[in-house]
Amino acid sequence: MTPLQPARGTKDLIGEELRRHRRVIETARRIAETFGFEEWATPVFEDTRVFSRTLGETSDVVTKEMYSFTDRSGESLTLRPEATAGVCRALVSNGLTQSLPQKIFYAGPMFRYERPQKGRYRQFHQIDIELIGPAHPMADADVIACGHAVLEALGVGGDVTLEINTLGDAESRAAWRGALVDYFAAHRVGLSPDSRARLERNPLRILDSKEHADQPIIAGAPAIGPYLTQAAALFYAGVKEGLARFGVPFRENPRIVRGLDYYGHTAFEFVTTTLGAQGTVMAGGRYDGLVAEMGGPPTPAVGWAAGIERLAMLLSEAPKAVAAVVVVPVSPALEEAAVQILQRLRRAGIRAEMEYAGTVRRRMERANRIGARAAVILGEEEAGRGSVQLKDLVSGAQAEVPEADLITRLA
Ligand code: ATP
Ligand code: MG
C-alpha cells in the first residue's frame, strides 16, 4: 500500500511549525484579554443554514468553498468556514442578546474548499475577535486597535499596513451598487468569467477579485465616497478619528470590500507585500445585520479574523522549544533516586527527562540529540554527600551542587 498522505490542502503541524502557530494564538489571546475580550469555543460543525443564510447565497464561500455533508440522520451539516456566524448563532442560542456588550476572542480551525497554495489551505486556522453590542464608531476603532496591538506584539507590525474603507449604510450601498453595475457592464468583455457572473448577482464582490484580467478594470471603478449618505459619512469620519486617538496609522483604500454579505460601514484589512499573492493577514469590519439574520434582535457588531498560517510565516524568529534538563544516574543502584529528582524538577515546572535504561554515554548522547540545556548527574560519592553533579551542556562547565540548591541553580 502506498503510504497515506494528509488530505489535499491540509497539513500536519509539527515542531517549529506548531510552535509558531502557538506563539500567534497565545500572543493574540493575551493581547485580546488586555482589551477586555474573553475566549469562546463553539462547535466545529454547524447546521448548514448557520452559514448559507448569513454569509450570502452568492458569496464565494457559500457557492464554492463549503464542506457540507449529510449526516446519518439526514441533517445537512457544514464544517465552519469562519467563526463569526457560529459566534452569533451561539449568542442567540445562549440567550446572550440581552447581555451586551459581549467581547469575544476566538481561535480554531476553519475549512474551505479552495485551491491550495502558499498561505491558502483547506483546513486553516484563525484568530478572531468580535465586539457585539456597541454601535459607536469608537468600537470599530477599538477593535482595529486590538488587531494592531496583536500584530505589534508578534513583531510583524512593521511588515503590514492597515487599509480601511467604508461600505456605507444600505442606502449608500444601493446607490454605489448602481454605479458599479453601470461601470462594470460597460467593461463586461474585459472581465474574467467569474466577475461577469458576479455582475448580476453581486457586483461589489468584483472589487475583491484576485483575477489578473480584472485588475485594470477594478482600478478605474467608482469609489463609494460620492454615494455616502450624510450619516454614513459621519460614521466613517468617527472611525478615522477613533483610529487617530488610538494612535493606529492607516491608509484609505476605496477598493476594499468584504467577501461576505453581512458587512456594512467599516471594512479593513492589514496587508503585507511579503507573502506573495496571499497578502491579507487580518481582515474585518462591521456587521450590524448578522445577529438578526440568525434570529436574534437587531444587534450592532464589529470584528476581525486573521489567518494564523500567514501570521506564523511572518514571524521573523521561530520560537524555541522549552530547554530540557536530563537526569543521568551513573549506576543501576541510583535509578530510583534519579526518578525522585526527576519528579522534583517537573513539579517545580522544569522540563526534565530521563532515559529508562542505558549507560552514561548513551544517556549523554541522547541529551545532545534533544538539545538539552543541562544534565543532572547522580554519582555514588555525591549521593553520599546529598549532592549531584550539574553539567551545563552549552558551556561544558560542571560542578557539584547540593541537591537542596538544584532547583534554584537550574532556574
Ligand atoms: P482571501 O481574500 O485571501 O480569500 P478572505 O476574504 O476569504 O481571504 P476572510 O474570510 O476575511 O478571508 O478570512 C480572514 C483571514 O483568514 C484572511 O485574511 C486570511 O489571513 C485567512 N484565510 C482565509 N482563507 C484562508 C485559507 N484558505 N487559508 C489560509 N488562510 C486563510
Ligand atoms: Mg477567500
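Residues numbered from 1 in each chain as written. Chains lettered and ligands numbered in written order. Predicted model: local features only at pLDDT ≥ 70, side-chain atom pairs only at ≥ 80, totals over all residues. Heavy atoms only, no water.

**Notes on the pattern of salt bridges**
Here is step 1: This model, assessed by the stated rule, comprises 23 salt bridges.
Here is step 2: Among the salt bridges present, the one from Arg-351 reaches Glu-353, with a minimum N-O distance of 2.6 Å.
Here is step 3: Among the residues examined, Arg-351 registers a relative accessible area of 31% and is labelled partly exposed.
Here is step 4: Across the salt bridge formed by Glu-400 and Arg-385, the nearest N and O atoms sit 2.8 Å from each other. (Salt bridge = Lys/Arg side-chain N within 4 Å of Asp/Glu carboxyl O. Buried < 20%, exposed > 50% of the residue type's maximum accessible area, 1.4 Å probe, protein only.)

**Quick notes on the site of ligand 1**
Here is step 1: The environment of ligand 1 is formed by 15 residues, the closest being Arg-112, Glu-114, Arg-120, Lys-210 and Arg-258.
Here is step 2: Measuring from an oxygen atom of ligand 1, one finds a side-chain N or O atom of Arg-258 at 2.4 Å.
Here is step 3: Compared with its free state, where it exposes 590 Å², ligand 1 has 91% of that area covered by protein.
Here is step 4: Residue assignment for the shell around ligand 1 shows that the elements contributing at least two residues are strand 6 (123-132), strand 10 (280-286) and strand 11 (301-307).
Here is step 5: Top contributing element to the shell around ligand 1 by residue count: strand 10, with 3 residues.
Here is step 6: Looking at the shell around ligand 1 residue by residue, the class counts come to 5 nonpolar, 4 polar and 6 charged. (Near = heavy atom within 4 Å. Polar contact = N/O pair within 3.5 Å; in protein donor to acceptor, adjacent residues only side chain to side chain. Areas by Shrake-Rupley, 256 points an atom, 1.4 Å probe, with all protein chains shown as cover. Helix = DSSP H or I, 4+ residues; strand = E, 2+ residues; numbered from the N terminus. Nonpolar A, V, L, I, M, F, W, Y, C, P; charged D, E, K, R; others polar.)

**Digging into the sheet that holds strand 16 (residues 398-402)**
Here is step 1: In space, the 5 strands of this open sheet follow the order 13-12-14-15-16, with mixed pairing throughout. Two strands close off the open sheet at either side, each with one partner strand: strand 13 (352-353) and strand 16.
Here is step 2: Along the sheet face, helix 12 (residues 335-347) touches strand 12 (325-329), strand 13, strand 14 (374-378) and strand 15 (387-392) and points at about 165° away from the line of strand 12. (Pairing = 2+ DSSP bridges. Contact = heavy atoms within 4.5 Å. Axes fitted to C-alpha atoms, helices over the stretch in contact; angles between N-to-C directions.)

**Looking at the packing of helix 5 (residues 137-153) against helix 9 (residues 230-246)**
Here is step 1: Taken N-terminus to C-terminus, the directions of helix 5 and helix 9 make an angle of 45°; their axes are 8 Å apart at the nearest point. Judged on the interaxial angle alone, helix 9 and helix 5 are oblique. Note that helix 5 runs across helix 9; the crossing there is right-handed. Of the residues in helix 9, those touching helix 5 at Pro-137, Met-138, Asp-140, Ala-141, Asp-142, Ile-144 and Ala-145 are Phe-235, Gly-238, Val-239, Gly-242, Leu-243, Arg-245 and Phe-246.
Here is step 2: Each residue belonging to the contact of helix 5 with helix 9 can be placed in one class, and the counts come to 9 nonpolar, 2 polar and 3 charged. (Parallel < 35°, antiparallel > 145°, perpendicular 65-115°, else oblique. Left-handed = near helix turned anticlockwise from the far one by under 90°.)

**Considering the domain arrangement of the protein chain**
Here is step 1: Segmentation of the protein chain into domains returns domain 1 (16-169 + 229-314) and domain 2 (325-410).
Here is step 2: Domain 1 and domain 2 are separated by 48 Å when their C-alpha centres are compared. (Domains from an automatic or database assignment.)

**Observations regarding the packing of helix 1 (residues 16-34) against helix 5**
Here is step 1: Two elements in contact, helix 1 and helix 5, have axes separated by 9 Å at closest approach and are oriented at 135°. Regarding the angle of helix 1 to helix 5, the classification is oblique. Read as a crossing pair, helix 1 and helix 5 show a hand that is right-handed. Across the interface between the two elements, Thr-27, Ala-28, Arg-30, Ile-31 and Ala-32 from helix 1 touch Cys-146, Ala-149, Val-150 and Ala-153 from helix 5.
Here is step 2: Taken together, the residues of the contact of helix 1 with helix 5 sort by class into 7 nonpolar, 1 polar and 1 charged.

**Topic: the nonpolar core**
Here is step 1: The biggest cluster of nonpolar side chains holds 46 residues, and the ones touching the most others in it are Leu-55, Ile-132, Trp-176, Phe-184, Leu-207 and Tyr-287.
Here is step 2: Secondary structure elements with two or more residues in this core: helix 2 (49-52), helix 3 (60-65), helix 4 (84-93), strand 5 (102-111), strand 6, helix 6 (170-186), helix 8 (215-219) and helix 10 (290-293).
Here is step 3: Here this core takes 5 residues from helix 4, the largest share from any one element.
Here is step 4: Core analysis: the second largest hydrophobic core is formed by 41 residues, Ala-28, Ala-145, Val-156 and Phe-270 among them. (Core = buried A, V, L, I, M, F, W, Y, C linked by side-chain atoms within 4.5 Å.)

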